[in-house]
Amino acid sequence: MESIFHEKQPSGNMDDSGFFSIQVISNALKVWGLELILFNSPEYQRLRIDPINERSFICNYKEHWFTVRKLGKQWFNLNSLLTGPELISDTYLALFLAQLQQEGYSIFVVKGDLPDCEADQLLQMIRVQQMHRPKLIGEELAQLKEQRVQKTDLEHVLEVNDGTGMLDEDEEELQRALALSRQEIDMEDEEADLRRAIQLSMQGTSRNRCQDIPQTSGSHPTSEELRKRREAYFEKQQQQQQQQPPGQLTHLCEKSSTSCEAPDRDLGDSMSEEDMLQAAVTMSLETVRSKTEGKK
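These figures come from a predicted structure and were not determined experimentally.

What counts and what doesn't
- Residues numbered from 1 in each chain as written.
- Predicted model: local features only at pLDDT ≥ 70, side-chain atom pairs only at ≥ 80, totals over all residues.
- Heavy atoms only, no water.
- Helix = DSSP H or I, 4+ residues; strand = E, 2+ residues; numbered from the N terminus.
- Buried < 20%, exposed > 50% of the residue type's maximum accessible area, 1.4 Å probe, protein only.
- Contact = heavy atoms within 4.5 Å.
- Areas by Shrake-Rupley, 256 points an atom, 1.4 Å probe, with all protein chains shown as cover.
- Pairing = 2+ DSSP bridges.
- Axes fitted to C-alpha atoms, helices over the stretch in contact; angles between N-to-C directions.
- Salt bridge = Lys/Arg side-chain N within 4 Å of Asp/Glu carboxyl O.
- Polar contact = N/O pair within 3.5 Å; in protein donor to acceptor, adjacent residues only side chain to side chain.
- Arc of directions from axis to C-beta.

## As for the overall build of the protein chain
- For the protein chain, the helix and strand inventory stands at 12 helices and six strands.
- For the protein chain, buried positions account for 20% of its 296 residues.
- Restricting to contacts in the protein chain with at least 6 residues of sequence separation, those with at least 24 account for 63%.
- Accessible surface for the protein chain amounts to roughly 23,400 Å². Of this, 54% is attributable to carbon and sulfur atoms.

## Quick notes on the sheet that holds strand E2 (residues 56-61)
- Taken in spatial order, the six strands of this open sheet run E1-E6-E2-E3-E4-E5, and their pairing is antiparallel. Each end of this open sheet is capped by a strand with a single partner; those strands are strand E1 (35-38) and strand E5 (86-88). Averaged over all pairs of adjacent strands, the angle between strand axes in this sheet comes to 30°, irrespective of strand direction.
- Alignment of E1 against strand E6 (residues 106-111), held across four bridges, turns out to be antiparallel. Among the inter-strand pairings, Leu 38 is bridged to a residue of E6, identified as Phe 108.

## Describing the pattern of salt bridges
- Evaluation of the coordinates by the stated rule reveals three salt bridges.
- The salt bridge partner of Asp 120 is Arg 55, with a shortest N-O separation of 3.5 Å. One end of the pair, Asp 120, is in helix H5 (residues 118-123); the other, Arg 55, is in the loop between helix H3 (42-47) and E2, with 65 residues separating them in the sequence.
- Take Asp 120: its relative accessible area is 11%, and that puts it in the buried class.
- Salt-bridge contacts for Arg 133 lead to Glu 86; the nearest nitrogen and oxygen are separated by 2.4 Å. Here Arg 133, found in the loop between H5 and helix H6 (137-161), pairs with Glu 86, found in strand E5; they are 47 residues apart in sequence, far enough to count as distant.
- Residue classification places Arg 133 among the exposed residues on the basis of a relative accessible area of 60%.

## Remarks on the side chain of Glu 54
- Within the fold, Glu 54 resides in the loop between H3 and E2.
- We classify Glu 54 as buried; its relative accessible area is 5%.
- Within the structure, the side chain of Glu 54 is placed 2.6 Å from the side chain of Tyr 44, a separation counted as a polar contact.

## Let's talk about helix H4 (residues 90-102)
- Residues of H4 that are buried: Leu 93, Phe 96, Leu 97 and Leu 100. Seen from one end, H4 has its buried residues packed into an arc of 95°, which puts them on one side. Opposite the buried face of H4, by more than 90 degrees, sit the exposed residues Thr 91, Leu 95 and Gln 102.
- Tucked into the core, H4 has its buried residues touching E2, strand E3 (64-71), strand E4 (74-77), E5 and E6.
- Gly 104 sits one or two positions beyond H4 and adopts a positive phi of about 100°.

Put into structure tokens, the structure is as follows:
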């Protein structure tokens, strides 16, 4: 009766978490004709076997076990704490095992012919390439949690701002448009100022010309006034020629062609273009009238 009520003692070979001792694993592998040898034991080290010539390793640290196995012609770290198998190159395998030993892992070499598996048969024909190394499950979970937190913070910021981010972009575009508009207005103002300056300059010149032109008694000189002005000009020219010495007659003759035009220029300077046109029309009418009266 005492044995019935006696509490069951915990076993050192297994526990409720699924952990098994090395003795249990070794006995299980013997069923398949496999044997475990401690990797860093003096007996195995004396064999001087290159790790790449083995087929599988079992690694243990405290209550965690995982396998490093050769599938096809490549080595893989089959640690269940990773998000997936990790490819290990032949040159890195020895360094990887040495690193595990430094971290406190116990490493066992699996001796014997491993049972066939589909992965081993497939990788005998092809080689795989791994672009990204798998992460620890804890690291991936932490990264996913951080991403969720950042996403939540972003959504909260957008809700608080209530679209002010988009308004800020619109405001920046509006400011740029206003700046360009101000530049165009400034250019237009400069052009307008330049045009006004030119216009004022032209008006000032025209006013100066009008002030320089002497005013006549009437709006349009008559043909008689024009005739008297020409006769007075020619009389003045003849008096100047008579007063000049004989040696300067040649010089005066050379200027005769331009001197003949002097009355017209003087008259032109004293009258506007409209006055001169009106005077010419009046002279033409007087000439035609005089010829008509002569024929009668």
